[in-house]
Amino acid sequence: MAILDIKVPDIGDFDEVTVIELLVKPGDTVRADQSLLTVESDKASMEIPSSHAGVVKELKVALGDKVKQGSLVLLLEVAGEASAPNPAPATVEQAPAAAASVAPAAAAAPVAPTPAAPVAAAAAAGPVEVRVPDIGDFKDVTVIEVMVKVGDSVKLEQSLVTVESDKASMEIPSGAAGVVQELKVKLGDTVNIGDLLLILQGTTAAAPAAAAPAAAVAATPNVPAAPVAQAPAAPVAVAAPAAVAAAPALPAHNPTALALGLPHASPSVRKFARELGVPLAEVKGTGLKGRITDADIESFTRSVMSGAVQTAAIAAQQAAKPAAAGGGEGLGLIPWPKVDFAKFGPIERKEMSRIKKISGANLLRNAIMIPAVTNHDDADITDLEAFRVLTNKENEKSGVKVTMLAFLIKACVAALKKFPDFNSSLDGDAVVYKQYYHIGFAADTPNGLMVPVIKDADKKGIFQISQEMSELAKKARDGKLSPAEMSGATFTISSLGGIGGRYFTPIINAPEVAILGVCRSTMEPVWDGKAFQPRLMLPLSLTWDHRVIDGAAAARFNVYLAQILGDFRRVLL
Ligand code: CAO
């Protein structure tokens, strides 16, 4: 047995990179070439592989550490003979596979003097074939993203496609500006240096700048030290001169843009996501700088499988289907079971009500498209309930019954004012904050669930809210609600308090970003520091859209709401 120092290999011209992911831990057995950690510059992310097989003895880096070529990464215990050929500093540099993704290994030999002509030709206007440039010693990389389509105008250096090997992903930029006339690759295609990506039309000359470095490379005998990012040989230079000669006008690729890794996930995570069919764009990264980790992919998958979250693509497919179809095809699931129920006993088949069909389709979309989380809490409403009962007694003759829901609406308005995120909506990449407080409340009707809306609840008193609620609930039950009475809500409350239960997980009523579920209050023993006191506790369940709201904010919202319900004088503060 011997202990080897595993160091950061030649990573091209990346001076200092940040460790963003540790893929092994002490005690792990690793294969030669297995990725040990992911590092990231502002241009690329890359995995550092092990030069040897062995057992990780000690990690010498931590998340967030800055490392550069030669930095000690970990100590690896290897079988005796393995250390022999690589004495003491058996660094990764010695392993040919090391940093294959960005190291210039491949650039060394083949980037010999090259015909500069095809590069120079890039200056010509007109159709231009854009090919895969020199991508180091990548071979057979897979196109995992096509960022342009026919008819798109592209700028010089604009990323066209993302390709990925098992070690790195990189965006391939355009060497010219123009309009995409024809795409020559599609997702999943395997490409190599010199392969035709697309044809641009109406190109503007972009070559001179790009051609220059290529010429420089060609004239430089000793390229090895130049990393890929600095060895911008025209694709033509390295791989297939014949093909290149035929290529009319591809300028050398932009060297700095070449090694661009996708910032949000390492190649292995991307691969993992692809294997599971997880759209990375929809996954929220919890790693360093918001990076998506394997755990994020796993938790996203779990959410999808449990039905709590669904991908936008699938949701769109599902939304296009009749609500009752209930197929799981978009998810790649086995089809919905078709059972002849009559075989097992008498049955009756009834069409769903129109409201159920409509609300079902909405609920499905909201359930699958919103990354929703529910926080539960309890509010001590002992005093508030006593006040409500007293108020109703004193106002018996008025004919208006004050309900707990009316107080909840008022308390929610106070919480929404304090936490405006909960009174917002997502609009593309923007969040729209509403400066009005229209509170929807779920009403159970013979035909299904309806959500009438109390408009401007902030400007109304408890009596007015109670009266409006009772009128709207009656209209809902009678099927007489107008569309206007059901629209414009900024936040919704769903109360099952009149029925029972403890907690539930209400579904957000899009485009709102939160909903409060309330269940039946019960008398509970609550410790006051000296003794248990009987207190009337109201269970609260707040579901929120994790794209807009964070867990801490949700917890604060519930705590504040509970404080108000515990002492309604706080509304005045
Ligand atoms: N805890 C204990 N008791 C409660 C309570 C609570 N949280 N909320 C209401 N109650 C009591 C009321 O005080 C009332 O008692 P009294 O008759 O003795 O005064 C009784 O329960 C019935 O109240 P209610 O449900 O008729 O009135 P409300 O103002 O609480 O609710 C409405 C009105 C329209 C929201 C309700 O009738 C309703 O439809 N709820 C169902 C909502 C729903 O379906 N949500 C699920 C959506 S997801 O599918």
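Along each chain, residues carry numbers from 1 onward, in the same order as the chain's sequence is written. With the structure being a predicted model, the display of local features is reserved for residues of pLDDT at least 70 and the display and counting of side-chain atom pairs for 80 or more, all residues being used for whole-chain, interface and lining totals. To obtain the side-chain values, all non-hydrogen atoms of the structure were included, while hydrogens and water were left out.

**Observations concerning the overall build of the protein**
Let me state the cut-off plainly: By definition, any uninterrupted DSSP run of H or I lasting at least four residues is a helix, any uninterrupted run of E lasting at least two residues is a strand, and each is numbered from the N terminus. Buried residues are those whose accessible area, probed at 1.4 Å on protein chains only, stays under 20% of the maximum for their type, while exposed residues exceed 50% and partly exposed ones sit between those limits. Contact definition: two residues touch when any of their heavy atoms are within 4.5 Å. Reported accessibility uses the Shrake-Rupley method at a 1.4 Å probe radius. Residues are deemed covered only where the shown protein chains occlude them.
A tally of helices and strands in the protein yields 15 helices and 27 strands. Within the span of the protein, comprising 573 residues, buried residues form 47% of the whole. Taking the contacts inside the protein whose residues are at least 6 apart along the sequence as the reference set, 65% of them involve residues at least 24 apart. Just so you have it, the protein exposes about 27,200 Å², and 57% of that area is on carbon and sulfur atoms.

**Some points on the site of the ligand**
We apply this condition: One heavy atom within 4 Å of a molecule or strand makes the whole residue count as near it. What qualifies as a polar contact is a pair of N or O atoms within 3.5 Å, subject to a donor-acceptor requirement within protein and to the restriction that residues adjacent in sequence count only when both atoms come from side chains. When residues are sorted by character, Ala, Val, Leu, Ile, Met, Phe, Trp, Tyr, Cys and Pro go into the nonpolar class, Asp, Glu, Lys and Arg into the charged class, and all the rest, Gly among them, into the polar class.
Taken together, 19 residues sit near the ligand, with Lys401, Asp444, Ser494, Cys519 and Ser521 positioned nearest. A distance of 2.8 Å separates an oxygen atom of the ligand from a polar side-chain atom of Lys401. Between Gly497 and the ligand, the recorded distance is 3.5 Å, taken from a backbone N or O atom to a nitrogen atom. Expressed as a share of its isolated accessible area of 960 Å², the protein-covered part of the ligand is 66%. Elements represented by at least two residues in the shell around the ligand include exactly β21 (443-445), α14 (462-477) and β24 (491-495). Taken together, the residues that form the shell around the ligand break down as nine nonpolar, six polar and four charged.

**Digging into the pattern of salt bridges**
Here is the rule: When a carboxyl oxygen of Asp or Glu lies within 4 Å of a side-chain nitrogen of Lys or Arg, that pair is called a salt bridge.
If you walk through the whole model with that rule in mind, you get 17 salt bridges. Across the pair Glu129 and Arg131 runs a salt bridge whose closest N-O atoms are separated by 2.6 Å. Like Glu129, the residue Arg131 is buried in the burial classification. Here Lys357 makes a salt bridge to Glu351, at a shortest N to O gap of 3.2 Å. Residues joined by salt bridges that share partners form a network here, namely Asp380, Asp383 and Arg535.

**Some thoughts on the sheet that holds strand β13 (residues 169-173)**
Test applied: Strand pairing follows a simple DSSP-based rule, namely that at least 2 bridges must link the two strands.
Reading across the sheet, the four strands line up as β13-β12-β10-β15 and stay open at both edges, with antiparallel pairing between neighbours. Looking at the sheet topology across the chains shown, the edges are occupied by β13 and β15 (190-191). Bridge count for strand β10 (residues 141-146) against strand β12 (residues 159-164) is four bridges, and the pairing is antiparallel. Along β12, the bridge assignment pairs Glu145 with Thr162.

**Let's talk about the environment of Met1**
Note that Met1 resides in the segment before β1 (2-7). Owing to a relative accessible area of 75%, Met1 belongs among the exposed residues under this scheme. For the pair formed by Met1 and Ala79, sequence separation is 78 residues and the distance between their alpha carbons is 4.6 Å. The residues touching Met1, leaving out its near neighbours within four places in the chain, are Glu77, Val78, Ala79 and Gly80.

**Considerations on the sheet that holds strand β7 (residues 66-67)**
Spatial ordering of the open sheet is given by β5-β4-β2-β7, a layout of four strands whose pairing is antiparallel. The open sheet has two edge strands with one neighbour each: β5 (45-49) and β7. Two elements, strand β2 (residues 17-22) and β7, share two bridges in a ladder whose sense is antiparallel. Note that in β7 the partner of Thr18 across the bridge is Lys66.

Shape descriptors only; they carry no functional weight alone.
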